[in-house]
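Each chain is listed here by its residues.
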Amino acid sequence: MADTNKELSPFVTLVSADGFEFHVRRSAACVSGTIRRMLDVQNNFSEAQSGVCHLENLSGIVLEKVVEYFYYNEKHHQSSSVADMDIPADLCLELLMAADYLDT
Amino acid sequence: MSGRARGGKIRAPRRALTKDDVDCESVWEVLHRAFREIHARNASQLSFEELFRNAYKLVLKKKGEFLFENVKSLEISILDTDVKSRIVDLATPSLLLSGSSETSSVEKRTAGERFISALTKSYQDYSIEVGMITDVLMYMDRISTAEGRKPSIFTIALGLFRERILRAAVSEELSMSILDLLEMTLLDMIALERSGEMIDRPLIKASCRMLENLYETITEEESTKLYLTSFEPKYLDASRDYYRNEGQLLLQEADATTFCSQASRRLKEESERCQQSLSRVTEPKIIAVIEKELIAAHIAEVINLPGTGIRAMITNDKIDDLRNLYDLVHRIDQRLKPLKDAVHNLVLEVGEEINKSALQTASEKQQPKAPEKKEPGKGPPPKPLNQQTVAAVNWVEEVLKLKAKYDKLWERAFRCDGVMEKSLEISFQDFINGNSRAPEFVSLFLDQYLKSNGKDKTEAEVDALLDSGVTLLQYLADKDILESYYHKHMAKRLLMNKTISRDVERSMLSKMKVKLGNQFTVKMEGLLKDVELSENLTKQYKDYAAKLEAKKSSKVDLEMHVLTMTVWPIFTSESELRSCVYPAEVAQVKESFEKFYLGKHTGRKLTWMHHMGEATMRATFKKDGQAVTYEVAVPTFCMMVLMLFNDHEKLTFDEIQQLTNIPTEQLIRTMQSVAVAPKTRLLKKEPMSRDVNPTDEFSHNPDFKHQFRKFKVALVSEQSNKVENAEERKETQKKADDQRGLLVDAAVVRIMKARKSLTHQQLMTETIQILSSRFQPEVAMIKKKIETLIDREYLERGPDPANPSYNYLA
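Predicted model only: the values in this text are computed from it and were never measured.

Undergrad: So what's going on with the overall build of chain B? Residues and values would help.
TA: Along the backbone of chain B there are 34 helices and 9 strands. Counting every position in chain B, which comprises 810 residues, the buried fraction comes to 46%. Sequence separation of 24 or more characterises 70% of the internal contacts of chain B that already satisfy a separation of 6 or more. Total accessible area on chain B is roughly 42,200 Å²; 51% of this is exposed by carbon and sulfur atoms.

Undergrad: Any chance you could break down the packing of helix α10 (residues 178–194) of chain B against helix α12 (residues 226–253) of chain B for me, citing the residues and the numbers?
TA: Residue and element names in this part refer to chain B. Direction vectors running N to C along α10 and α12 enclose 35 degrees, while the axes themselves pass 10 Å from each other. Crossing of α10 against α12: the hand is right-handed. Between α10 and α12, the contacting residues are L179, D180, E183, L186, L187, I190 and R194 on the first element and S230, F231, K234, Y235, A238, S239, Y242 and Y243 on the second. For the contact of α10 with α12, the per-class residue count stands at 9 nonpolar, 2 polar and 4 charged.

Undergrad: How would you explain the interface of chain A and chain B if you had to name every residue and give the values?
TA: Of the residues lining the interface, 28 residues belong to chain A; the matching set on chain B comes to 29 residues. With both sides pooled, the region where chain A packs onto chain B buries about 2,600 Å², and carbon together with sulfur makes up 56% of that total. Joining chain A to chain B, the criterion identifies 1 salt bridge. Our enumeration of links across chain A and chain B arrives at 2 residue pairs in polar contact (both at pLDDT 80 or more). Looking at the side of chain A that touches chain B residue by residue, the class counts come to 10 nonpolar, 10 polar and 8 charged.

Undergrad: How would you explain the pattern of salt bridges if you had to name every residue and give the values?
TA: Residues and elements named next belong to chain B. Summed over all chains, the structure comprises 17 salt bridges over all chains. With its nearest N and O atoms 2.9 Å apart, the salt bridge here joins R266 to E269. With R266 and E269 both in helix α13 (residues 256–276), this residue pair falls 3 residues apart, about one helical turn. By relative accessible area, R266 is classed as buried at 3%. Residue classification places E269 among the partly exposed positions, given a relative accessible area of 22%. Through salt bridges with shared partners, one network takes in E246, R265, R266 and E269.

Undergrad: Which residues make up the state of the cysteines, and what are the values?
TA: Using the criterion set out here, one finds 0 disulfides over all chains in the structure. The thiol of C53 of chain A is unpaired, and the distance to the nearest cysteine sulfur, on C30 of chain A, comes to 8.7 Å. This cysteine, C274 of chain B, is not joined by any disulfide, and C208 of chain B carries the nearest cysteine sulfur, 9.3 Å off. By relative accessible area, C274 of chain B is classed as buried at 0%.

What counts and how
Residues numbered from 1 in each chain as written. Chains lettered and ligands numbered in written order. Predicted model: local features only at pLDDT ≥ 70, side-chain atom pairs only at ≥ 80, totals over all residues. Heavy atoms only, no water. Helix = DSSP H or I, 4+ residues; strand = E, 2+ residues; numbered from the N terminus. Buried < 20%, exposed > 50% of the residue type's maximum accessible area, 1.4 Å probe, protein only. Contact = heavy atoms within 4.5 Å. Areas by Shrake-Rupley, 256 points an atom, 1.4 Å probe, with all protein chains shown as cover. Axes fitted to C-alpha atoms, helices over the stretch in contact; angles between N-to-C directions. Left-handed = near helix turned anticlockwise from the far one by under 90°. Nonpolar A, V, L, I, M, F, W, Y, C, P; charged D, E, K, R; others polar. Buried area = accessible area lost by both parts, 1.4 Å probe. Salt bridge = Lys/Arg side-chain N within 4 Å of Asp/Glu carboxyl O. Polar contact = N/O pair within 3.5 Å; in protein donor to acceptor, adjacent residues only side chain to side chain. Disulfide = S-S within 2.5 Å.

So yeah, pure geometry; function would need other evidence.
Structural data, given as structure tokens:
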């Protein structure tokens, strides 16, 4: 909400289809190829300008898990033998689809 | 697995998204409009997420193919209309004209710049736009490329750019494509820059980068970059022509210096151009072009350019030019053939010159002396530094100067190149050995400075001179001849007490030892040892004599050198060894010493070398009642003669000879020095003439006067003792040859003993190899020696006459 219009603000806002907003560190969000391209300053789409990404495909619950994964990935992507993330079984298919969509 | 184990239930995803039937056409309509917006640079109005979601939907609906084809045709239409028209408009007639009047060339240049910048700009824009579209269509790319069906839409679009823009004809009536035009314009620009104008380098760099990013085919292999396949060959061709022309022009118009500096400037320019304007990959190629067309084709001619070529550079010490030249030659040929040959010839030429002038001086010999004697006002002729010595010293000094010069060149211009060093060494060797008297000259030179009369030089200077003399030694091929000369000269120095100091002699020997090996100096060290022993012996004898003859006050003081016969190269003919009659006082001392020495070392034989000795005596001349006493240093023979006049008023030559038993030849010289030589006329001679005849009479000379109280009488022909006459030289040569014969024998036998059996060829090579450290053996001599060894049954011939070989017979 606060960090609109600041192109290189270190945080971006991800909005789920049902209106939940997540403030995420830019570097973490860019774990997703789709979001990275969305925010690419050079391409300069509206998302890059506002720093807000409306993700119409994802529900709040899924997005929350996705954001959790972003941080998890950013934290551990260099280290090996890390404990698996806890994935609730009922979400796993939707998460798979989200992963496909977000190119993570 | 773990999920199921916990009993959780997998919930099916909400169908909301996939449920609604998507209308392909309308979705495409949205994308289509958006893509046109992107090409119009209005992306900030668009939501990436929305576009992405739409593309995603289409692909999920298995409409990927449909989407792909649509995008492709959209791109084609955009390229054909918008982009192309922008560029073709700028391909103005002035740009297409190849004629160049003054105004049109300026016009053409600006037109060219506009054209290139438009083309690169549209390329850059287009690739950014396509990049954005590709991002939007990422999902499509991911699916289709993963299935291996199609290349990425980005590649396709760039391929389209190549086909639709670069390969398109500039206009309907011309067959020239835009790419051709671009390349032509670029080459024009570079030609402009080569002729010294400023051009827009970043612009050229940008267009080259464009060509580097485009490929011939969609597989995008590294080697099919347009830059490599199309532009670079043309560029290299054009450069080749350019530099071929320039090389010829430079040769016609400029001198070697300009050529070299121009060539190195071009090299620098081209590599700079590759870094700043073109591409780094071209650098080695274009450098190779310059090397081949500009340097390799002309360098030999440049080196030999009369007036400015290498000859002039070396003569005038143009170090920088030479360094340039060296760098150029070094580029094209690691072995430096042309440069090496030129320098070699030059050194040989100068060397021949030095040799010739030295030999000439040497053969002029007595001429300058004669006229000087006739001019009485001129004072004494310059020191009896004989012509030969002068020639030798001059020769060596010239050679050293030359060497110093080339050493400097080698260090500063040729960057201490190993090949050049070797070549220079060979050149020096060649011309030094071209002088058949080189070993004698070097030895004379060393002699000159080892003698105490190198007086106008400080010790350090002498030391440096000797050092450099030693460096010359290694160039000599006939080291054994040098050895015998040096040996002889050194012996004389030591006996005549002329050497600066024994320390200097010793350090000289150790220098030689370093250069030439142990064996070389063994004999010389023997000399030094003998001299030292003799000194001790003299002291011991003096003690001995003092004890023995304390009562008799001996008037004679004896100092002598006892020399080992085999070590000293003093030639003794029979006549010189004939025992002479000494004056009583001296004879007594002589006997006493003999007794002393033989008592100390039984079984040894003492032979007196009268002609080497020297005596200091006191002589009193009375005239008009005044007595003047001189202290005169004379050779032994003189002493013997002069002592006779203590007892006799007048003696004929024959009488003197009878009384002293001095060999005739020696006596003539002795008499000349005491009765004829103008400064030291201690005796009067009747009749007064230069020649001494057996009937001449000698008497005391009461009119004798000398400006010093102490002086020295030199034996007439001894003054130039250091140089050999022709006969002696032959003698030395013969001795050296004999010596060599022995060495060859020894070498052959040693080799055969180790190998038992060898072919003729092998034996020759090995023998030559062993001997070459001492001298340059002649093949004929080795063959002769092998013959005699076969006669003496050291060797036998192998059984096969077609393949000559030898066996060793134990």
